[in-house]
Amino acid sequence: SVRCVAGPAAPAAPERARAWLGWAGSQQLWDHAMPMAMTTATAKKAKSTPRLLGIALLCWIVLPSHCRALRSFHNLPRTSHLRASSDPTPTPTPTPSSTTTDSVNSGGMSSKSTPAYSVKVSVDRSVLAAFLKPSSSSSLVGSIDQGTSSSRFLLVTSDGRMLSTAQTEFAQIFPQSSELNDDPKASCAGWHEHDPFAIWDSVAACVVETAAELSKAGLDLSDLIKAVGITNQRETTVCWNDRTGRVYYNAIVWDDTRTAPVAEKIASEQDYGGEGDKKDALRSKTGLPVASYFAGTKVRWLLDRIPALRKDLASPSERGNVRFGTIDTWLLYMLTGYRRAVEEDERGGTVRLAHKGGVFRTDVTNASRWLMLNLETMQWDRTLIDAVCGGSDCWESGDAECKTLPLTALPEIVPSSSADIGTIAGISRHDGSGGKTALKGVPVAAILGDQQAALFGQACHRPGEAKCTYGTGLFMMMNTGTKPVPSTQGLLTTVAYQLRSPSGEVCPPAYGLEGSVAFSGSTIGWLRDRIELIDSASETEALALSVPSNEGAYLVPAFSGLFAPHWRPDARGCLVGLTASHTKAHVVRAALESSAYQAREVFDAMALDSDVRLREMRVDGGATANRFLMQFQCDLLDAPVVRPEYLETTGLGAVRLCLSFLIEVISTKGFGFPSL
């Protein structure tokens, strides 16, 4: 084990930082924003697994013809526990996508020409060679991972080997001003949007480029892919019209802060008889505080602000065509629907339209992030829908039957794995070059929110097992079993997954406790793209190790407020304790350390809520390649931090552990999964 020592000045740094914040009139921010864990301890270190393997695994579970193939996963390599001194040179941390700033309006979404996406496709040639042998009987499962800054598509063979990965970034939209703001001339700082069609195009590009690359090698994917799963950024919300295909507005991203006042208004509207903060008024049913993070607040903002949406909801003949969905629902709808013609708008431009006839569904893990799902019934709850949306002035006009959000506007909720979620209509190349339609006729067999997919991929199938993902944000989740565990420490009670067996039996859901942090990897992106302190994320490890300590400099990355365990939307980022002796290296080190401090806060809250002291922390995400961060993290937690032997392309150690458990259940219980 290796000790990371912050230096003699470190213990006094919090007091110095408080002095700085007091001088700035921000003492309260420090008290609520600065992670409390400031000491280091000695711990072991090990090696991350991608959430994509979790979603791929679910696809295999629900396909009866592949039960025998599951057994071959026994041969996968074990997860390694390696000490810091023996780590190989780390893989550079993937960099976030470049950003754009746009102004938006309420008149629908104008179509831009489909951008040329730079898709990086990686193929394991040894796996491909084995796959092409005449004696091979292997087949494939695909996994779509739609994240905050990029989209990915991977293919895994039925004997558990990664055949290919494809990834591309897409544009981020940070509006500078908007006529939809309370003051149209005011800044829209904190707004974050995605073009829903850019999300779809980036996914489609990954799929068709994978097919094209493998076709060059003589592999026709037409009949080889048996199922596809979807894992997605959660809470990000899209709204469109099923009849016309019109999208009402850009997707509002999960970390967007415009809905903080909306959340406060929703909380104030509740008749909350309990003790404590009104933001917990819906927690007993939803497991969530009323916060800007969740999809329901974004739905309410759209209801309050978008004229075309309000008009359609006030019309008895049109309101049944309104659709709200998180990204899993949007992708499923587009995958299973058929393309419409581009439509001209009133300004002479063109408007891209959503596909026609798509399946309108979501899974339980994504539904649990809306503030509208009842964790006991696992269905939309009318009282919750009215609590979130009923106070909107959207309902002041129209007939009596148009006074509330119709259930038809919300997707049907299904288990996380099922053989009949939907069938893909096919994805064509966007450049008009023709060729075969990718994935046509392939079933979508699994959907999971990204963090739940990481939990499943990390083989956290038993109560008390947990993982932490270091991505755009930081997300720690613990499996708590088949009963939801209420949180008193600012964590989220959420659905971890729910399985359906090939015989059609719906298994009891597994629940989880989660701590969500808005800024982790995106803090490094901020240093690179906004402050321009570094050229790439891969520089950060060497810079952090070039100085013996942070010399009292601490960064609180509350750029969009603080999520778990504080839930303070009014908090803002601060860099404190600076002196003339500090350099770029100290600031970079403070940025990396901020992720570890936030993880420690969530770690402690999880231990208090669950009454379980975690014996180890399984980690994944791009930042786990950073050896400094991982060693600092395990020193801070005083617990082993475990990542797989290989990054990104294999996560197969966790899959092996998962399937070792599932195969036993398959053999003895007939897919009953009682322990899950």
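Our subject in this report is the structure included herewith. Nothing here was measured: the structure is a model prediction, and the numbers come from that model.

**Examining the sheet that holds strand β20 (residues 466-470)**
Overall, mixed pairing links the six strands, which are arranged β22-β23-β21-β20-β26-β27 in an open sheet. Strands with a single pairing partner mark the edges of an open sheet, and in this sheet they are β22 (492-497) and β27 (641-642). In terms of strand pairing, strand β26 (residues 617-620) meets β27 through two bridges, oriented parallel. Residue pairing in the sheet places R618 in a bridge with V642 of β27.

**Some points on helix α11 (residues 327-336)**
Burial of α11 is extensive: ten of the ten residues sit out of reach of the surface. Taken together, the buried positions of α11 are occupied by I327, D328, T329, W330, L331, L332, Y333, M334, L335 and T336.

**A few points about the nonpolar core**
In terms of nonpolar packing, the biggest core is built from 108 residues, with L303, L309, F324 and L405 touching the most fellow members. Counting residues per element, this core draws most heavily on helix α17 (residues 584-610), which supplies 13 residues. Setting aside residues no more than four positions away along its own chain, L309 makes contact with C239, Y248, L302, L303, V322 and F324.

**Some details on the packing of α17 against helix α18 (residues 627-637)**
At a minimum axis distance of 9 Å, the contact between α17 and α18 shows a crossing angle of 35°. Like other packed secondary-structure pairs, α17 and α18 cross with a definite hand, here right-handed. Residues R589, L592, E593, S595, A596, Y597, A599, R600 and F603 of α17 pack against F628, L629, F632, Q633, L636 and L637 of α18. Considering only residue class, the contact of α17 with α18 consists of ten nonpolar, two polar and three charged.

**Regarding α18**
When you tally the buried positions in α18, you get ten out of eleven residues, the bulk of the element. Looking at α18, one finds that the buried residues are F628, L629, M630, Q631, F632, Q633, C634, D635, L636 and L637. Taken together, the buried residues of α18 touch β20, α16 (540-545), α17, β26 and β27. A distance of 3.1 Å separates the backbone nitrogen of F628 from a side-chain oxygen at the start of α18, and that oxygen is part of N626.

**Overview of the sheet that holds strand β5 (residues 162-169)**
If you trace the seven strands from one edge of the open sheet to the other, you get β2-β5-β4-β3-β8-β19-β18, paired in mixed fashion. Every other strand in the sheet has two partners, leaving β2 (120-123) and β18 (417-423) as the edge strands with one partner each. Across the sheet, the axes of successive neighbouring strands diverge by a mean angle of 25°, strand direction being ignored. Bridging between strand β8 (residues 225-232) and strand β19 (residues 443-449) involves five bridges; their strand directions are parallel.

**Examining the packing of helix α15 (residues 521-529) against α17**
One way to put it is that α15 packs onto α17 with a least axis distance of 8 Å and a crossing angle of 155°. It follows from the interaxial angle that α15 and α17 lie roughly antiparallel. Here α15 and α17 pass one another in a crossing that is right-handed. Between α15 and α17, the residues in contact are T523, I524 and L527 and V587, V588, A591, L592 and S594, respectively. Tallied by class, residues from the contact of α15 with α17 come to six nonpolar, two polar and no charged.

**Here we look at the packing of aromatic side chains**
This model, assessed by the stated rule, comprises 21 aromatic pairs. Centre to centre, the rings of W370 and W380 are 5.2 Å apart; their planes meet at 65°, and the pair counts as edge-to-face. Residue W370 is located in the loop between α12 (364-367) and β15 (373-374), and its partner W380 is located in strand β16 (residues 379-380); the two are separated by ten residues in the primary sequence. Take W370 and W380: they sit in the same class, and that class is buried. Members of the aromatic cluster, connected to one another through ring pairs, are W254, Y293, F294, F475, F563 and W567. The positively charged end of R258 is found above the aromatic ring belonging to W301, 4.7 Å away from the centroid. Here the guanidinium or amino end of R323 rests over the ring plane of F360, the centre of that ring lying 5.1 Å away.

About the thresholds
Residues numbered from 1 in each chain as written. Predicted model: local features only at pLDDT ≥ 70, side-chain atom pairs only at ≥ 80, totals over all residues. Heavy atoms only, no water. Pairing = 2+ DSSP bridges. Helix = DSSP H or I, 4+ residues; strand = E, 2+ residues; numbered from the N terminus. Buried < 20%, exposed > 50% of the residue type's maximum accessible area, 1.4 Å probe, protein only. Core = buried A, V, L, I, M, F, W, Y, C linked by side-chain atoms within 4.5 Å. Contact = heavy atoms within 4.5 Å. Axes fitted to C-alpha atoms, helices over the stretch in contact; angles between N-to-C directions. Left-handed = near helix turned anticlockwise from the far one by under 90°. Nonpolar A, V, L, I, M, F, W, Y, C, P; charged D, E, K, R; others polar. Polar contact = N/O pair within 3.5 Å; in protein donor to acceptor, adjacent residues only side chain to side chain. Parallel < 35°, antiparallel > 145°, perpendicular 65-115°, else oblique. Phe/Tyr/Trp six-rings, centres within 6.5 Å; stacked < 30°, edge-to-face > 60°. Lys NZ or Arg CZ within 6 Å of the ring centre and 35° of its normal.

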